[in-house]
Amino acid sequence: MSVYLPRDSAAVSIGADEVAAAITAADPALSPLRTGARGLYALEPLVEVDHGDRRIGFGPVTAAAVPGLVEALRHPDTGHPLRIGDVDTLLADQGQNRFTCRRLGRVVPDDWDDFVAHGGTRGLRRALDMERQSIVDAVTASGLRGRGGAGFPTGRKWQTVLDADGPGKVIVCNADEGDSGTFADRMLMEGDPLALIEGMAIAGIAVGAVHGYIYLRCEYPAARASLLTALDIARHNGLLGADVLGAGHTFDIELRMGAGVYICGEETSLLESLEGHRGEVRFKPPLPAIRGFMGRPTVVNNVVTLATVPAILADGAEAYATLGHGKSRGTLTVQLCGNVRRPGLYEVPFGVSLADVIDELGGGTASGRAVRAVQAGGPLGAYLPASALDVPLDYEALAERGGMIGHGGIVVFDDTVDMAEQARFAMEFCAIESCGKCTPCRIGSVRAQEVIDRIVDGEARESNTALLRELCETMIQGSLCAHGGMAPHPVLSALNHFPDDFNRQAVGS
Amino acid sequence: MTTEESDGTLPSTIAAICRRHSGREGPLLAILHDVQDTFGHIPDEAVRHVAYTLNLTRAEVHGVVRFYTDFHAEPARAHRLKVCRAEACQAVGGRAVWAAAQALSAVPDGRVEIEPVYCLGNCPCGPSAQWDGRTLGRMTPERVHELVAAANGGMPS
Ligand SMILES: Cc1cc2nc3c(=O)[nH]c(=O)nc-3n(C[C@H](O)[C@H](O)[C@H](O)COP(=O)(O)O)c2cc1C
Ligand code: SF4
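Note that this is a predicted model, so its numbers are computed, not measured.

Here we look at the overall build of chain B
Inference 1: Assigned secondary structure in chain B consists of 7 helices and 4 strands.
Inference 2: Mapped in sequence order, the helices and strands of chain B form the string α-α-α-α-β-α-α-β-β-β-α.
Inference 3: Dimensions of chain B, computed from C-alpha atoms along their principal axes, come out at roughly 50 × 30 × 30 Å.
Inference 4: A separation of at least 24 residues holds for 57% of the contacts in chain B among residues at least 6 apart in sequence.
Inference 5: Counting only carbon and sulfur atoms, one obtains 51% of the accessible surface of chain B, whose full area is about 7,100 Å².
Inference 6: Across chain B, 15 positive and 18 negative side-chain charges occur, with their mean positions spaced 5 Å apart.

Regarding the domain arrangement of chain B
Where interface size is quoted, it is often the accessible area lost as the parts come together.
Inference 1: Taken as a whole, chain B is organised into domain 1 (9-67) and domain 2 (79-151).
Inference 2: A straight line from the C-alpha centre of domain 1 of chain B to that of domain 2 of chain B covers 30 Å.

Points about the site of ligand 1
Residue and element names in this part refer to chain A.
Inference 1: Around ligand 1 sit 20 residues, and of these G148, N174, N301, N302 and T305 come closest.
Inference 2: Within the contact set of ligand 1, an oxygen atom lies 2.8 Å away from a backbone nitrogen or oxygen of N302.
Inference 3: A distance of 2.7 Å separates an oxygen atom of ligand 1 from a polar atom in the side chain of T305.
Inference 4: The protein chains hide 91% of the 610 Å² of surface that ligand 1 would expose on its own.
Inference 5: Broken down by secondary-structure element, the contributors of at least two residues to the shell around ligand 1 are β9 (298-302) and α21 (482-486).
Inference 6: For the shell around ligand 1, a count of residues per class yields 4 nonpolar, 10 polar and 6 charged.

Quick word on the site of ligand 2
Residue and element names in this part refer to chain A.
Inference 1: As a structural note, the neighbourhood of ligand 2 is formed by 13 residues, with C435, K437, C438, C441 and C481 the closest of them.
Inference 2: Placement of ligand 2 is best described as lying within the largest cavity.
Inference 3: Of the residues that constitute the shell around ligand 2, the class distribution is 7 nonpolar, 5 polar and 1 charged.

Notes on the sheet that holds strand β4 (residues 134-136) of chain B
Whenever strands of a sheet pair, they do so through backbone hydrogen bonds, lying parallel or antiparallel.
Residue and element names in this part refer to chain B.
Inference 1: Strand order in the open sheet made by the 4 strands is β2-β1-β3-β4, with mixed pairing throughout. Each having just a single partner strand, β2 (112-117) and β4 make up the two edges of the open sheet. Within the sheet, the average angular offset between the axes of one strand and its neighbour, ignoring direction, is 25°.
Inference 2: Of the pairings in the sheet, the one linking strand β3 (residues 129-131) to β4 comprises 3 bridges and is antiparallel in character.

Looking at helix α7 (residues 132-142) of chain A
Residues and elements named next belong to chain A.
Inference 1: Regarding α7, the residues found buried are I135, V136, A138, V139 and S142. The arc enclosing the buried residues of α7, seen along the axis, measures out at 155°, which places them on a common side.
Inference 2: Contacts made by the buried residues of α7 are with α6 (122-128), α8 (154-163), α10 (193-207), α13 (303-315), α14 (317-321) and β11 (328-329).
Inference 3: Just downstream of α7 lies G143, where phi reads positive at about 80°.

Side note on the pairing of strand β7 (residues 211-216) of chain A
Residue and element names in this part refer to chain A.
Inference 1: Counting buried positions along β7 yields 5 of 6 residues, so the element is predominantly enclosed.
Inference 2: Sheet topology note: the strand β6 (residues 170-175)/β7 ladder contains 6 bridges and is parallel. Pairing of V170 across the sheet is with H211, part of β7.
Inference 3: Bridge count between β7 and strand β8 (residues 252-257): 6 bridges; the pairing is parallel. What sits directly across from H211, in β8, is D252.

Some words on the pattern of salt bridges
Inference 1: Scanning the model with the defined rule gives 36 salt bridges over all chains in all.
Inference 2: When salt bridges that share partners are traced, they join R38, E48, D88 and R106 of chain A into one network.

Let's talk about the interface of chain A and chain B
Inference 1: Residue-level contacts link 61 residues of chain A with 37 residues of chain B.
Inference 2: Of the roughly 3,800 Å² buried between chain A and chain B, counting both surfaces, carbon and sulfur atoms make up 55%.
Inference 3: Looking at the side of chain A facing chain B, the largest losses of area belong to A259, R278 and F425 of chain A, adding up to 16% of the total buried there.
Inference 4: Joining chain A to chain B, the criterion identifies 5 salt bridges.
Inference 5: Counting the contacts that link chain A with chain B gives 23 residue pairs in polar contact (both at pLDDT 80 or more).
Inference 6: Contributions of two or more residues to the side of chain A that touches chain B are made by α1 (9-13), α2 (16-26), β7, β8, α12 (267-274), β12 (331-338), β16 (409-414) and α17 (419-433) of chain A.
Inference 7: Here the side of chain A that touches chain B gets 7 residues from one element, more than from any other, and that element is α17 of chain A.
Inference 8: A per-class count over the side of chain A that touches chain B returns 29 nonpolar, 17 polar and 15 charged.

Here we look at the packing of helix α9 (residues 184-191) of chain A against α13 of chain A
All names here are of chain A.
Inference 1: For the pair α9 and α13, the least separation of the axes is 9 Å and the interaxial angle reads 50°. Taken together, the axis directions place α9 and α13 in an arrangement best described as oblique. Residue-level contacts link A184, D185, L188 and M189 of α9 to V303, V304 and A307 of α13.
Inference 2: Partitioning the contact of α9 with α13 into residue classes produces 6 nonpolar, no polar and 1 charged.

Conventions adopted
- Residues numbered from 1 in each chain as written.
- Chains lettered and ligands numbered in written order.
- Predicted model: local features only at pLDDT ≥ 70, side-chain atom pairs only at ≥ 80, totals over all residues.
- Heavy atoms only, no water.
- Helix = DSSP H or I, 4+ residues; strand = E, 2+ residues; numbered from the N terminus.
- Contact = heavy atoms within 4.5 Å.
- Areas by Shrake-Rupley, 256 points an atom, 1.4 Å probe, with all protein chains shown as cover.
- Lys, Arg positive; Asp, Glu negative; His and termini not counted.
- Charge placed at Lys NZ, Arg CZ, Asp CG, Glu CD.
- Domains from an automatic or database assignment.
- Near = heavy atom within 4 Å.
- Polar contact = N/O pair within 3.5 Å; in protein donor to acceptor, adjacent residues only side chain to side chain.
- Nonpolar A, V, L, I, M, F, W, Y, C, P; charged D, E, K, R; others polar.
- 1 Å grid on protein atoms, 1.4 Å probe; cavity = no way out; pocket = protein on both sides within 12 Å on 5 of 7 lines; lining within 4 Å.
- Sits in = over half its atoms within 2 Å of the grid points.
- Pairing = 2+ DSSP bridges.
- Axes fitted to C-alpha atoms, helices over the stretch in contact; angles between N-to-C directions.
- Buried < 20%, exposed > 50% of the residue type's maximum accessible area, 1.4 Å probe, protein only.
- Arc of directions from axis to C-beta.
- Salt bridge = Lys/Arg side-chain N within 4 Å of Asp/Glu carboxyl O.
- Buried area = accessible area lost by both parts, 1.4 Å probe.
- Parallel < 35°, antiparallel > 145°, perpendicular 65-115°, else oblique.

Laid out in structure tokens, this is it:
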């Protein structure tokens with residue numbers, strides 16, 4: 001019988017280490033194995049215990065509650081106020097389909113044998129029996145699209161790199177996860193890092209690259225430690241190295257740290273940074289797939305994208321492609337947070353409605369007040385009013401409403417939010433994180449803040465509102481990358497859906 | 001850092017760091033991280049030696065140090081508190097936590113660097129902050145006061 005408790009940094013941020021210590025102190029035989037988190041953060045710290053082939057969960061547990069919990073951990077079929085039953089059944093009942101996150105929260109991340117026992121290396125072994133083109137074809141047939149933000153078909157990107165000439169092709173994992181409201185990359189890197197490493201190895205073998213980089217943001221020290229350990233384990237067990245799983249391919253990965261700059265998540269800025277330069281965005285074309293790291297053909301993919309690939313190879317492209325909605329195939333690792341009762345990671349097939357995610361999975365607002373606005377797709381995503389939430393999660397359907405899937409983050413605000421403040425913040429963030437290469441983004445975002453201030457202060461409201469719209473248009477049209485090009489979206493949506501918030505006198509009266 | 005490869009002086013320490021990364025392509029950020037981990041910041045003299053070793057201009061290396069928020073050209077206070085200002089934390093009271101932290105950053109001779117950060121990936125447990133690299137969840141203005149006051153030697157803030 002084993003006891004499990006996440007080492008996930010968010011669980012640790014609310015006391016998981018203290019709970020682990022309390023359990024060990026109460027009975028060393030129950031000392032928990034540390035795993036990733038399931039994503040059910042309202043129940044963290046969430047203690048699980050084996051019971052037959054099920055895992056019975058208890059949460060949220062505090063260190064103070066541990067003495068009263070020990071008996072229940074020894075006899076998990078007996079009642080206890082914190083007992084939530086079989087955790088996998090709970091996830092399934094929520095409508096989750098844990099495809100990418102199949103091992104997350106179950107597997108012990110630093111244990112190679114546990115990884116293999118939970119299906120690790122199956123995808124890579126399948127790939128090693130295939131022709132390069134067939135691997136790329138499988139990824140294309142799965143319908144997988146990039147989860148870093150743009151939703152570009154992954155198979156098509158790999159095909160470009162496979163077809164490109166030139167030695168020294170490179171696989172780059174974008175682990176910069178800068179969007180507010182997103183944490184799936186972090187959870188996977190902390191809780192199932194070998195899935196990412198396996199995915200990168202498959203990508204390398206598919207396109208003919210022998211070298212990979214993970215570019216990790218420095219705000220994630222726990223993910224760094226987890227990846228460094230996993231890279232050692234992977235090398236030790238032949239998942240990386242001169243002869244991957246004995247099949248004659250070479251592939252290895254180097255971990256590189258970012259240094260606190262949001263724009264370095266944009267793929268060309270990331271490549272500049274990896275090369276040791278300021279992270280200024282490059283002109284496209286050439287695409288990174290043609291001329292990326294050091295001018296060589298480069299696959300740049302997000303963590304979730306790459307970590308999904310082994311499962312696609314293991315189960316077959318069809319298994320993934322049958323899930324989903326429209327042109328959005330497979331599952332989305334929804335990251336639900338902000339003002340919700342049950343924030344967390346929910347992996348659901350595309351097509352579930354945004355309203356259901358917030359109400360059913362999230363349980364509505366944490367404050368108990370009405371939902372007023374939802375920002376989907378990160379800081380560059382539009383604010384959707386409560387009336388627009390009846391929309392399926394689907395790249396195209398959300399875009400029609402002016403929203404976006406992005407990296408899958410959903411941030412909920414209740415009716416105390418001041419949307420003029422949110423609009424101003426969007427421009428402030430744009431200005432702070434601008435790489436400085438183009439004027440509309442660098443200067444426009446500063447001007448827009450001043451103009452919003454004047455509107456809110458009631459200064460020539462009409463002409464200043466027209467000026468703000470004009471500035472937004474200039475940024476949309478004239479910015480080199482989506483940072484400046486999309487920052488107007490939250491601003492314009494706030495202005496369009498919540499005009500009263502920009503009129504302080506009206507609010508005050 | 002004094003290792004067998006270095007006699008402890010700045011130039012030999014920098015040389016040892018650069019040697020450690022010599023097989024790598026585009027190693028400048030990795031080198032600067034090591035320099036900062038060793039000295040607590042990236043002193044001017046280090047910039048000169050790194051530039052010399054990598055055959056870059058000092059302006060280039062300075063430009064890189066300045067571009068990245070987490071590289072510091074000046075010595076820092078003993079502790080660093082980063083407070084998330086981004087949307088997911090705003091939605092659960094993060095603005096008040098940041099306001100409390102910002103007010104404390106004005107304390108003269110304080111021992112804590114207070115910085116904004118735009119997401120720590122800790123959103124489901126926000127408002128979030130990071131104290132010397134350790135992520136803290138469900139922060140309140142009161143906890144910010146306690147942390148900072150304790151670091152400043154119990155000085156009331
Ligand atoms: C301003 C900006 C920030 C971005 N930040 C990230 C990021 O943090 N992580 C990420 O994977 N992609 C980010 N992207 C998207 C990348 O440019 C790129 O599309 C992605 O890494 C490709 O991988 P994918 O196809 O697997 O999504 C960002 C894009 C922009 C414009
Ligand atoms: S839009 Fe902004 S971030 Fe993007 S290239 Fe231009 S200045 Fe840089």
